[in-house]
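The lines below spell out each chain.
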Amino acid sequence: MSLDYSSAVAANRFGLGAKPGELELIGTDGRGWLEAQLRGPAAAVAAAGLRSSADILSDAATIRQQLQAQRRAAGAKPAGAPNDGNATAAAAPASADALAFVMRLPQLFRPIYIAEVQARLRNAVATERPWVERLVYFWSNHFAVSVDKLAVLGIAGSLEREAIRPHVLGNFRELLLAVEQHPAMLLYLDNQRSVGPNSVLAQRAARRERTLGLNENLAREILELHTLGVDGGYTQADVTSFAKVLTGWSLGGGYGAGPIQAGIGGQFLFRPALHEPGAQTVFGRRYHHADQAQGRAVLNDLAQARPTARHIATKLARHFIADDPPPAAVARIAQAFERSGGDLPQVYRALLESSEAWQTPLAKYKTPQDYLLSIYRGLQLPVADGPKSIAGFDVLGQRQFAPGSPAGWPDRSDDWDGASALMKRIEFADAVAQRLGGTRAVAELGPQLLGATYSDETRVSLQRAASDGQALTLLLTAPEFLRR
Amino acid sequence: MNRDHHAPINRRSLLKLGLAAGTAALTARYSFAAPAATPSRFVFIILRGALDGMSAVPPYADPDYARLRGELAIAAPGGSDGALALDGYFGLNPGLTFMHEAYGARELLVLPAVATAYRERSHFDGQDVLESGITQPHATQTGWLNRALINLPSATRRGRESGVALAQNVPLVLRGSAEVASWSPSVLPDLDDDTMRRIADRYASDPLLARRLAEALATGSEAGQAQAQPDTMNGDASGAPAMNALVRSTAGRYTETVRTAAGFLRRDDGPAVAVFDTTGWDTHFNEGGAQGQLRTRLAVLDQSLRTLKETLGDVWPRTVVLLATEFGRTAAANGTRGTDHGTGSAAFLLGGAVAGGRVLADWPGLSARNLYQQRDLKPTLDVRSVMKSVLHEHLQIASGALDRDVFPDSSAAPYIAGLLRAHEA
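Residues numbered from 1 in each chain as written. Chains lettered and ligands numbered in written order. Predicted model: local features only at pLDDT ≥ 70, side-chain atom pairs only at ≥ 80, totals over all residues.

A few words on the interface of chain A and chain B. Tallying the contact residues gives 57 residues for chain A and 62 residues for chain B. Counting only elements with at least two residues in the side of chain A that touches chain B, the list comes to α5 (96-126), α11 (217-226), α20 (419-436), α22 (456-463) and α23 (468-476) of chain A. For the side of chain A that touches chain B, the element with the highest residue contribution is α20 of chain A, accounting for 11 residues. Split by residue class, the side of chain A that touches chain B holds 26 nonpolar, 19 polar and 12 charged. (Contact = placed C-beta atoms within 7 Å. Helix = DSSP H or I, 4+ residues; strand = E, 2+ residues; numbered from the N terminus. Nonpolar A, V, L, I, M, F, W, Y, C, P; charged D, E, K, R; others polar.)

Structure below.
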């Protein structure tokens, strides 16, 4: 029997795991099937009822005002600065108003979070362009926010829908700009209140003996994680200057330092009174631009810097080729990035044309998300309403939009192949198989989902299984199903 | 505390015996040596996110502290929101009540100006250096504690695995060629024995999965006993009721983790070391001072340390706990009532085997010319000095192995004598 891995690699490594019939559809031209997915519009999430981040944050602002009014009516003093829900699970807010708000916020945000994750899961199960969907997840993880920070629990999903999906088949520069202006990123990395030390607002505050100043968080993570990479050659001075450049990148309404009435609540707003005046030097270039144009110019240059091309290429190659990606493939992808000025489809094509990506099937150990999605797609499982339908992500160890840090989820076998994590997969697979019982023709599923990677050993173990349910457990826990 | 509990014979422990087909080669590697007189235990708690050492261990007597910290500064002991008194110069954050008791009982050593060899400010590289024990980030895929376990004297190496990570996946510090277990709570039902046996059989030809499954089955039966212990968690009574609701999930998770760790460590043939993570120390915004976000989080950590002591029972006198973070935070508060990434931070040695009740500081001072790069607390102690000394004195790992394999580029980080009680060394 001739082994043609092309369809299995295309569906399982580049895609989200084969659906029944997908490998037949792909035939022998895996690359062509993937290439075709890069044409056409970026895939939106097909789900009615998901709301914009501006709508959601405007609801949050209304709730805050109502709580303040109630407390005032009850005789309490009004609080100072609102807290933005900027607190993690064990955080203590600055005031009683803020505490009341932080306690109330999950009621608003949690159902939205669940709806976002469900919509995303349903979309993954159904999509005919799973490679584009995986690329969306790749970028979502590259520009990670984490919902263990309550402020972004309700809007992490909208960051992906509003800033990442529209640009996944566009240009990296536009993608970067959209993400750094999104309220979820600004709130997650604390930029909305970062104030230039010589800005109008800081000087006004100094006259009242209050100190306002910089918060470096967003500037540092853009340089380290989003663009140049930690070895990209920037210095602490670059971080501080870039933080000054980004002062004023804030949100409207009660979010951000400055007048509460300014702007539309929860939408990106450049606040000139917060902005550090004057030219800044970042990564060897001097920026004389005024106001918001200064930050746009820096981001524009960072998007095209050589270390950025290399950083992105390395991460793509690690995700799609191997934990330690071959240097030649990284160089080729980085070159495509530089030559095209960050045109993402050209970057993806350079990846597809790297023979290394096709030579070693099953080189990547699935993440819990990969594993769960491949089960849902392979078995075409329904996604019910209610929080239980997304609990599998938590159980397997990858709660959605919750990597815990702006670095996102790690992408190496070592990070996911722990003993306890393996036992969770086995127990999860068995629970799914027990529930389905004999409703799937398991003997046919093996070749349908795994193609040429389906091993004789697994085939034999399924044939010898005591029941269809047990056979399904054995298929879903097979070594070739745990990898991609 | 009764350590002589017998394991209920459960599905997984039976299964472990019956796994010969898939894992005979693995189990044969473990031989059971004669018990040593004092099985020492070491716990490493990683504080991920860069702990603000100057708020955990406020140097209230430093003349520049209050000015730099503004509203984040914690006052001298005595007032209602003052630091908990240590040595007249440093205090403890008011959330750290158990650690303060431990200091009084001479079981806590406070290290206020510590760092790894890493001098940049990336969390992820910083954690890599903290865990690998190597000066350069990403220089190796193994952790210092795993390399140490390889060099455990055979008499202390009695367990199936000599280390356990309380996590689904093993963190870098415990990765390497020494066998380690990982454990995290499960909400799913156990499998049918027959199905598990078939899976084990299928994994026999896949070295990684065979090894992981054998580890999981062995660990699962031990964790079953750990969880059978009574619950000693009673919450942080000092906080407001609303705040308790917010912290309960974190506190509950830490407590379960700690109790499970204690269950492993209490066993005579249990692992010599355990590792677990805590997160949320990255306080860029609204950090708070004597009250607020960081204090609340420290109180949760403190409560879990109290639980650790209680559940370890008579193993506590032979235990050393090291708490360390990847780097510190800026000496001055930033513009958003928090602190940004810095350099020097605090570390702690805790446990019955520690020669505690002391602050070990060569304090550099906080005046502008004494700050590292005019912005951060300057570290005066390499955390590898502490790690090396504890591994050497407490786990009897030879200095040759420590200098060669565990911390190969640490000649600038000398051993420190006297960190542990005399009868320990």
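From this point, the narrative continues.
Judged by how many residues are buried, helix α8 (residues 172-180) of chain A sits mostly within the fold: seven of nine residues are covered. Taken residue by residue, α8 of chain A has F172, R173, L175, L176, A178, V179 and E180 of chain A as its buried positions. (Buried ≥ 20, exposed ≤ 12 C-beta atoms within 10 Å, placed from the backbone.)

What follows deals with the confidence of the model for chain B. Residues and elements named next belong to chain B. Summarising the model, chain B shows a mean pLDDT of 84, and 82% of its residues fall at 70 or more. Every residue in residues 1-37 is under pLDDT 50, and counting partners more than four places away or in other chains gives 52 contacts. Across residues 225-246 the pLDDT falls below 50, and counting only partners more than four positions away or on other chains, this stretch makes 36 contacts in the model. Interface predicted TM-score (ipTM) for the complex: 0.88; the corresponding pTM is 0.81. (pLDDT = per-residue confidence, 0-100.)

This next bit is on the environment of K309 of chain B. Residue and element names in this part refer to chain B. Structurally, K309 is set in helix α11 (residues 293-312). Classification of K309 by C-beta neighbours within 10 Å gives buried; the count is 23. With 51 residues separating them in the primary sequence, K309 and V258 have C-alpha atoms 9.4 Å apart.

Residue and element names in this part refer to chain B. Of all six residues in strand β9 (residues 345-350), six are buried; the element is thus mostly enclosed. Burial along β9 is two-sided: S345, A347 and L349 facing one way and A346, F348 and L350 facing the other are all buried. Pairing between strand β4 (residues 108-115) and β9: five bridges, direction antiparallel. Paired with V114 across the strands is S345, a residue of β9. Alignment of strand β8 (residues 319-325) against β9, held across three bridges, turns out to be antiparallel. Paired with V321 across the strands is L350, a residue of β9. (Pairing = 2+ DSSP bridges.)

This paragraph deals with the pairing of strand β1 (residues 41-47) of chain B. All names here are of chain B. Among the seven residues that make up β1, seven are buried, leaving the element largely enclosed by the rest of the structure. Side-chain alternation along β1 places R41, V43, I45 and L47 on one buried face and F42, F44 and I46 on a second face that is also buried. Across seven bridges, β1 lies against β8 in parallel orientation. The residue of β8 that forms the bridge with F44 is L322.

All names here are of chain A. We note that D291 has phi near 55°; this positive angle belongs to a residue other than glycine. Here D291 is to be found in helix α13 (residues 291-304). Given 13 C-beta atoms within 10 Å, D291 falls into the partly exposed group.

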